Amino acid sequence: MAALRARTVLLTGSNRGLGLELVRQLLGGPRPPAWIFATCRDPEGPRAQVSARLPLPPAPAEANVADPTAITNAVKIVEAKLSGTGLNLLINNAGIYAPVTLDTVDSEEMIRAYKTNAVGPLLMAQAFLPLLKKAARESTDKGLSCSKAAIVNISTVMGSIERTAESFFKPVISYRCSKAALNMLTKCQALTYGETGILCVALHPGWVKTDMVSVCGYCPADLTVDTSVRGMLSILPILSEKHSGSLLNWEGKVIPW
Ligand code: NDP
């Protein structure tokens, strides 16, 4: 099986859930990246302590994806550590979820979800674009790949308009709308950044047992974080230009928009 050869990786929301497991498995993989920037919104907070228990410490940095200043500061930290080299892989994993319906959702919740789930990944990609482009230029690989330069947006089948009816017993309006926006963003990023050698893809991790799902209460989470992350990391090395601009599940199957 092909291995991911990304030298430098940055993840958001890496203090718990899928983000933390992504860091853990990347560090424990056959070719661990030289740099993993495991960002979270509160590196000094109690939840961030979990990262300190990883087998090898990744480079922690603050990145509240809903705060443009925090993102700008994160770029400066990463640039300084990389000393002139590029960033191969940006994983926009941070996300929020609220069990609201069409009756109960309000403008504040819509904006809150949109800011974190759609605007955050947009700003992260804008801010780290120069480093991603640098990685693409530095690579001798032909075509697009996650080892060369890529943006992976962790999305959900709940953002798929075509597949809405099958899970609409969980309306989660703000979550669905913000993730549908993230899916559109992924397509636009693929069409724009592909020319500069950057692969852009949205991934659905499956229904995974994390804090997010426990908030929902009635979601049928059937995957462990270990299985979901193992699946996602096994498909990253095989992604190419033919997948860029798509929404795929954790097993690599295409999900319609
Ligand atoms: P968790 O609720 O367990 O973790 C969410 C993570 O996002 C936390 O690290 C949280 O940090 C972080 N986060 C939230 N807001 C921000 C912010 N403004 N800035 C930076 N970090 C932030 O969820 P999961 O691990 O399950 O979810 C990870 C991703 O996977 C999300 O994008 C989610 O939508 C997606 N997903 C998950 C599914 C599942 O079944 N679990 C299904 C489909 C998609 P903090 O500790 O500070 O709150």
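- The name given to the protein chain in an unreviewed UniProt entry is C-factor-like, with Nothoprocta perdicaria as the source organism.
- Recorded in UniProt under Sequence similarities (unreviewed entry), the annotation for the protein chain is "Belongs to the short-chain dehydrogenases/reductases (SDR) family."

Describing unusual backbone geometry
And step 1. With a phi angle near 35°, Ser-83 is a residue other than glycine that sits in the positive phi range.
And step 2. As for its placement among the helices and strands, Ser-83 is situated in the loop between helix H2 (68-82) and strand S4 (89-92).
And step 3. For Ser-83, a relative accessible area of 60% translates into the label exposed.
And step 4. Within the chain, Val-172 stands out as a residue other than glycine whose phi angle is a positive 30°.
And step 5. Relative to the assigned elements, Val-172 resides in the loop between strand S5 (150-154) and helix H4 (173-193).
And step 6. In this structure Val-172 comes out as buried when scored by relative accessible area, which is 1%.

As for the side chain of Ser-147
And step 1. Here Ser-147 is to be found in the loop between helix H3 (107-138) and S5.
And step 2. In contact with Ser-147, not counting residues within four places along its chain, are Ala-3, Leu-4, Arg-5, Ala-6 and Asn-88.

So, the site of the ligand
And step 1. Surveying the vicinity of the ligand reveals 30 residues, the closest of which are Asn-15, Arg-16, Tyr-175, Val-208 and Thr-210.
And step 2. Backbone polar atom of Asn-93 to an oxygen atom of the ligand: 2.8 Å apart, as the coordinates give it.
And step 3. A distance of 2.7 Å is found between an oxygen atom of the ligand and a backbone nitrogen or oxygen belonging to Val-208.
And step 4. A total of 900 Å² of accessible area belongs to the ligand in isolation, and the protein chains cover 97% of it.
And step 5. In terms of residue count, the dominant contributor to the shell around the ligand is helix H5 (residues 211-216) (3 residues).

A closer look at the pattern of salt bridges
And step 1. Applying the stated rule across the entire model yields 7 salt bridges.
And step 2. Arg-16 is the partner of Asp-211 in a salt bridge, and the nearest nitrogen-oxygen pair spans 2.8 Å. Note that Asp-211 is positioned in helix H5 and Arg-16 in the loop between strand S1 (8-11) and helix H1 (17-28), a separation of 195 residues in sequence.
And step 3. For Arg-24, the salt bridge identified is with Glu-21, shortest N-O distance 3.1 Å. Remark: Glu-21 and Arg-24 occur in helix H1; sequence separation between them is 3 residues, near one turn of the helix.
And step 4. A residue is classified by how much of its surface remains accessible, and Arg-24, at 34% relative accessible area, is partly exposed.
And step 5. For Glu-21, a relative accessible area of 9% translates into the label buried.

Reading the values: rules and limits
Residues numbered from 1 in each chain as written. Predicted model: local features only at pLDDT ≥ 70, side-chain atom pairs only at ≥ 80, totals over all residues. Heavy atoms only, no water. UniProt positions renumbered as here; feature names shortened; annotations may be inferred. Helix = DSSP H or I, 4+ residues; strand = E, 2+ residues; numbered from the N terminus. Buried < 20%, exposed > 50% of the residue type's maximum accessible area, 1.4 Å probe, protein only. Contact = heavy atoms within 4.5 Å. Near = heavy atom within 4 Å. Polar contact = N/O pair within 3.5 Å; in protein donor to acceptor, adjacent residues only side chain to side chain. Areas by Shrake-Rupley, 256 points an atom, 1.4 Å probe, with all protein chains shown as cover. Salt bridge = Lys/Arg side-chain N within 4 Å of Asp/Glu carboxyl O.

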